[in-house]
Amino acid sequence: IMPLVRLADVLGCSAGMPDGDLLQVVVYTQGERSVGLVVDRILDIAEATVELGAPGRRSGVLGSTVIQKRVTDLLDLPGVVRSAVPDLFAEELV
């Protein structure tokens, strides 16, 4: 069973609960452990080489850049996961 983390709660964003029983989840894996990040919605999946713009002003955000003509926040996923589930990857750090 994979632990789930509501991304909006960790980032301090206001987000409504998803309709129905379905959740949209992005899986983050480090080593042999995984955690599911529950998101409001997935707009698109893109592969791109990016240059980080201005540093993020919020906890959990590395900065912003433009991907496919959209301003996109780049998340510090290891930091977000550590703040939500501090002990999840603790064994791998030893």
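Above this text sits the structure in question.
What this report covers is the structure whose coordinates are included nearby.

1. Describing a nonpolar patch on the surface
There is a patch of nonpolar side chains on the surface, built from V26, I42 and I45 and spanning about 290 Å² of accessible area. The topology assignment puts I42 in the loop between β3 (33-39) and β4 (61-67).

2. Describing the environment of A46
The residue A46 is located in the loop between β3 and β4 in this model. The exposure class of A46 is partly exposed, given its relative accessible area of 41%. It is 8.1 Å that separates the C-alpha atoms of A46 and Q68, two residues lying 22 residues apart in sequence. Apart from residues lying up to four places away in sequence, A46 is in contact with I67 and Q68.

3. Here's the deal with the sheet that holds strand β1 (residues 4-6)
The mixed open sheet is built from three strands, whose spatial order is β1-β3-β2. Each having just a single partner strand, β1 and β2 (24-30) make up the two edges of the open sheet. Strand-to-strand twist of the sheet, defined as the mean angle between neighbouring strand axes without regard to direction, takes the value 30°. Pairing of β2 with β3 involves seven bridges; the strand directions are antiparallel. Bridging across to β3, Q30 finds its partner in R33.

Rules used throughout
Residues numbered from 1 in each chain as written. Predicted model: local features only at pLDDT ≥ 70, side-chain atom pairs only at ≥ 80, totals over all residues. Heavy atoms only, no water. Patch = residues over 30% accessible without salt bridge, like charges linked within 9 Å, V, L, I, M, F, W, Y side chains within 5 Å. Areas by Shrake-Rupley, 256 points an atom, 1.4 Å probe, with all protein chains shown as cover. Salt bridge = Lys/Arg side-chain N within 4 Å of Asp/Glu carboxyl O. Helix = DSSP H or I, 4+ residues; strand = E, 2+ residues; numbered from the N terminus. Buried < 20%, exposed > 50% of the residue type's maximum accessible area, 1.4 Å probe, protein only. Contact = heavy atoms within 4.5 Å. Pairing = 2+ DSSP bridges. Axes fitted to C-alpha atoms, helices over the stretch in contact; angles between N-to-C directions.

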